[in-house]
Amino acid sequence: LRVEEKLYQNRYLVDPGRPHIKVRPHERPSANLLALTHICPAKCYELNDKGQVETTSDGCMECGTCRVLCEANGEIVWNYPRGGFGVLFKFG
Ligand code: SF4
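Conventions we followed
Residues numbered from 1 in each chain as written. Predicted model: local features only at pLDDT ≥ 70, side-chain atom pairs only at ≥ 80, totals over all residues. Heavy atoms only, no water. Salt bridge = Lys/Arg side-chain N within 4 Å of Asp/Glu carboxyl O. Helix = DSSP H or I, 4+ residues; strand = E, 2+ residues; numbered from the N terminus. Buried < 20%, exposed > 50% of the residue type's maximum accessible area, 1.4 Å probe, protein only. Core = buried A, V, L, I, M, F, W, Y, C linked by side-chain atoms within 4.5 Å. Contact = heavy atoms within 4.5 Å. Phe/Tyr/Trp six-rings, centres within 6.5 Å; stacked < 30°, edge-to-face > 60°.

**Student:** What's the story with the pattern of salt bridges in this structure? I'm lost.
**Tutor:** A full pass over the atoms with the stated rule returns three salt bridges. Where R2 meets E4, a salt bridge forms, and the shortest distance between an N and an O atom there is 3.5 Å. The residue D15 makes a salt bridge to R82 at a minimum N-O spacing of 2.8 Å. With D15 in the loop between β1 (11-13) and β2 (21-23) and R82 in the loop between β5 (76-78) and β6 (86-88), this residue pair connects regions lying 67 residues apart in the sequence. The exposure class of D15 is buried, given its relative accessible area of 11%. The exposure class of R82 is partly exposed, given its relative accessible area of 40%.

Right, dumping it as structure tokens:
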């Protein structure tokens, strides 16, 4: 199987109303925040029409890339989903 086909097998249990990642309000995104719109493997980050970065963490694979880049400087808030929620990997 190709990587994309393996990823397609993953299942997600969304915790409604309790996103496990939030982007702090900002006027203009920093270079790191902007980078998330390109490097998140699940494409959870997008630019809105005001040029600000938004996230929808429903398909998050909990890889931690955005956490490493943007949590320490306070640009995002990142927590693991509650028990039983989040990604369920079919292939490890
Ligand atoms: Fe994307 Fe990984 Fe961050 Fe989830 S943890 S939003 S998959 S970069």
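Picking up where we left off.
**Student:** Please explain the nonpolar core as it appears in this structure.
**Tutor:** Across soluble globular proteins, nonpolar side chains have a tendency to be buried as a group. Grouped together as the largest cluster of nonpolar side chains are 13 residues, with contacts concentrated most on I21, L33, L36, Y45, C66 and I76. Of all the secondary structure elements, the ones that give two or more residues to this core are β2, α2 (31-39), α3 (65-70) and β5. Every residue in contact with C66, bar those within four places of it in the chain, is listed here: I21, L36, Y45, E71, I76 and W78.

**Student:** I keep staring at the environment of V77 and nothing clicks. Help me out?
**Tutor:** Tracing the backbone through its elements, the reader meets V77 in strand β5. Remark: the alpha-carbon pair of V77 and E4, spanning 73 residues in sequence, is separated by 28 Å.

**Student:** For this particular structure, what's the right way to read the packing of aromatic side chains?
**Tutor:** By convention here, two paired aromatic rings are described through the distance between centres and the angle between planes. Taken as a whole and judged by the stated rule, the model has one aromatic pair. Ring centres of W78 and Y80 lie 4.8 Å apart, and the angle between their planes is 90°; this geometry places the pair in the edge-to-face category. Classification of W78 by relative accessible area gives buried; the value is 2%. By relative accessible area, which is 55% here, Y80 ends up exposed.

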